[in-house]
Amino acid sequence: MSTGMSADAVTDKVADTVADTVSVTGWGRTAPTAARLVRPRTYEEAVAAVRECGARGGIARGLGRAYGDAAQNAGGAVFDMTGLDRVHAIDADGGTVLCGAGVSLHRLMEVLLPLGWFVPVTPGTRYVTVGGAIGADIHGKNHHVSGSFARHVLSFELLTADGEIRTVRPGTPLFDATAGGMGLTGVILTATVRLEPVETSLMSVDTERATDLDDLMARLTATDHRYRYSVAWIDLLARGTSMGRSVLTRGDHAPLEALAEGTRARRAPLEFRPGRLPAAPSFVPEGLLGRTTVGLFNELWYRKAPRARTGELQRMSTFFHPLDGVPHWNRVYGRGGFVQYQFVVGHGREEALGRIVHRISQRRCPSFLAVLKRFGEGDPGWLSFPMPGWTLALDIPANLPGLGGFLDELDEEVAAAEGRVYLAKDSRLRPELLASMYPRLGEFRALRAELDPRSVFTSDLSRRLGL
Ligand SMILES: Cc1cc2nc3c(=O)[nH]c(=O)nc-3n(C[C@H](O)[C@H](O)[C@H](O)COP(=O)(O)OP(=O)(O)OC[C@H]3O[C@@H](n4cnc5c(N)ncnc54)[C@H](O)[C@@H]3O)c2cc1C
């Protein structure tokens, strides 16, 4: 359905928006490029910005938490959507919210938790927008139970290349192309999202250690179904018999009765209390990010974790978003920035996962705690990343000698195992591997060709990969 608003109907509203040429980069701070940044605050301004974006096209951007080059567009326009930041309506009985695409999950938590509702899916940071959550079809620690973000989206409004604003619902090609479509079908303006009921703002968390990769996978396979949220922090610098040693943290929203009578938590069970630490320094001596220090950190962290602990009450921010407590933590990697590498391989491909973990640990990549998770059913988005199986995500300083070639080899291994890398984290994948990783790429390209024949929506990622 179209609202009937077209680019031609819009007047000079764009004069109100800010349009500056700035350097734009992803969260990993690799490959910055210059673009005209436009910040629309109304539908009309958004339509005008798209209409006037010029021959190099434009791409929507949320809070820039994609690690790679998905939300940048060299020489063209970038639409900063954080100006569409209104929560329009909350159905506190039915558990849905209608909000602007620029609203962050942090803001939604502030507004919704006191009403007894939580976002259906949260990634490892709550500083992502609803538009970015749909654009990358993000997953969280509950993927094995709840799937990815778009599965909870009841509808969204999409501004397409022809200047029309369409209401898009699940089960349609445009929905499936946009969920995980990395902003390339248009600009999401608003979305209606189904919420998760909670009794408290605390989490009840079980922690246990796994001695190696086999032990870890056995534990996840045997007992993950008992938990709504599950993740393993894995030490990729450990070698030999310790290779893949990990700490599993799994849990659920704490019920009211888990909070002791007379405590502050019991008196205000739905209070949202994210912690905040001082900002990370913008420069950390290179040696501090070397193998020895990172290895020591990982070692201490593993030993500090309890062998087994159940029912610990944790703040949501501690459980879901530990890094959000340190503003600008991505700066500690210095000017070179860092690459986050995330891939998934299916069930039955455990040998490939083992080989990749072995290669990473042999290569001695100075990677702070990496994350291993077991995904549930795949999601309908044509370019959605999750598929049933195992996903591993790790950070690596971008200036590590030989990193490009090494990751190319890992890509080959992932592709050979019929797995895929996550586009929201990517800044370097070679285009020839894409079609085998994303089998519905052909449909995606065909829909784009029809909907946006002049490639109005373009990003550095789409140019690099030929999306
Ligand atoms: C610390 C950290 C932890 C993370 N953990 C996870 C995780 O656990 N799971 C996970 O899935 N991801 C994770 N991510 C990645 C992050 O969730 C995604 O990259 C997300 O898309 C970022 O949202 P954003 O608002 O910052 O969007 P941006 O990074 O600005 O953009 C991301 C993509 O969404 C598109 N987009 C943004 N807004 C719109 C819009 N209004 N309309 C259309 N398209 C739009 C952009 O074009 C781009 O392709 C993590 C990132 C960080 C920094």
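Residues numbered from 1 in each chain as written. Predicted model: local features only at pLDDT ≥ 70, side-chain atom pairs only at ≥ 80, totals over all residues. Heavy atoms only, no water.

Chemist: Describe the overall build of the chain, naming the residues involved and giving the relevant values.
Modeler: Per the secondary structure count, the chain includes 14 helices and 19 strands. Relative to the globule expectation of 23 Å for 467 residues, the C-alpha radius of gyration of the chain, 22 Å, shows essentially globular dimensions. Counting only C-alpha atoms, the chain reaches 65 × 55 × 40 Å along its principal axes. For the chain, with 467 residues in total, the buried portion stands at 58%. Sequence-distant contacts in the chain: of pairs separated by 6 or more residues, those separated by 24 or more amount to 73%. Counting 54 positive and 52 negative side-chain charges, the chain places the centres of these two groups 5 Å from one another. (Helix = DSSP H or I, 4+ residues; strand = E, 2+ residues; numbered from the N terminus. Rg over C-alpha atoms; globule rule 2.2 N^0.38 Å. Buried < 20%, exposed > 50% of the residue type's maximum accessible area, 1.4 Å probe, protein only. Contact = heavy atoms within 4.5 Å. Lys, Arg positive; Asp, Glu negative; His and termini not counted. Charge placed at Lys NZ, Arg CZ, Asp CG, Glu CD.)

Chemist: Outline the domain arrangement of the chain, supporting the account with residue identities and numerical values.
Modeler: Segmentation of the chain into domains returns domain 1 (87-198) and domain 2 (202-428). A separation of 24 Å is found between the C-alpha centroids of domain 1 and domain 2. Contacts between domain 1 and domain 2 engage 34 residues on the former and 35 residues on the latter. Regarding the contact of domain 1 and domain 2, the summed buried area is about 3100 Å², with carbon and sulfur atoms giving 60% of it. When residues of domain 1 are sorted by the area they lose upon contact with domain 2, Arg-126, Lys-141 and His-144 head the list and together hold 25% of the total. Across the contact surface, domain 1 and domain 2 share 3 salt bridges. Between Arg-228 and Glu-196 there is a salt bridge, with its nearest N and O atoms 3.0 Å apart. Sorting the residues of the side of domain 1 that touches domain 2 by element identifies α2 (105-112), α4 (143-146) and α5 (173-178) as the ones contributing at least two each. Counted by class, the side of domain 1 that touches domain 2 contains 14 nonpolar, 13 polar and 7 charged residues. (Domains from an automatic or database assignment. Buried area = accessible area lost by both parts, 1.4 Å probe. Salt bridge = Lys/Arg side-chain N within 4 Å of Asp/Glu carboxyl O. Nonpolar A, V, L, I, M, F, W, Y, C, P; charged D, E, K, R; others polar.)

Chemist: Hey, could you go over the sheet that holds strand β4 (residues 77-80) for me, with residue numbers and the actual values?
Modeler: The strand order across the open sheet formed by 4 strands is β1-β2-β4-β3, and the pairing between neighbours is mixed. Only two strands of the sheet have a single partner each, and these edge strands are β1 (19-24) and β3 (58-61). Going across the sheet, the axis of each strand differs from the next one's by a mean of 35 degrees, ignoring polarity. Two elements, strand β2 (residues 33-38) and β4, share 3 bridges in a ladder whose sense is parallel. Bridge pairing in β4 places Arg-36 opposite Ala-77. (Pairing = 2+ DSSP bridges. Axes fitted to C-alpha atoms, helices over the stretch in contact; angles between N-to-C directions.)

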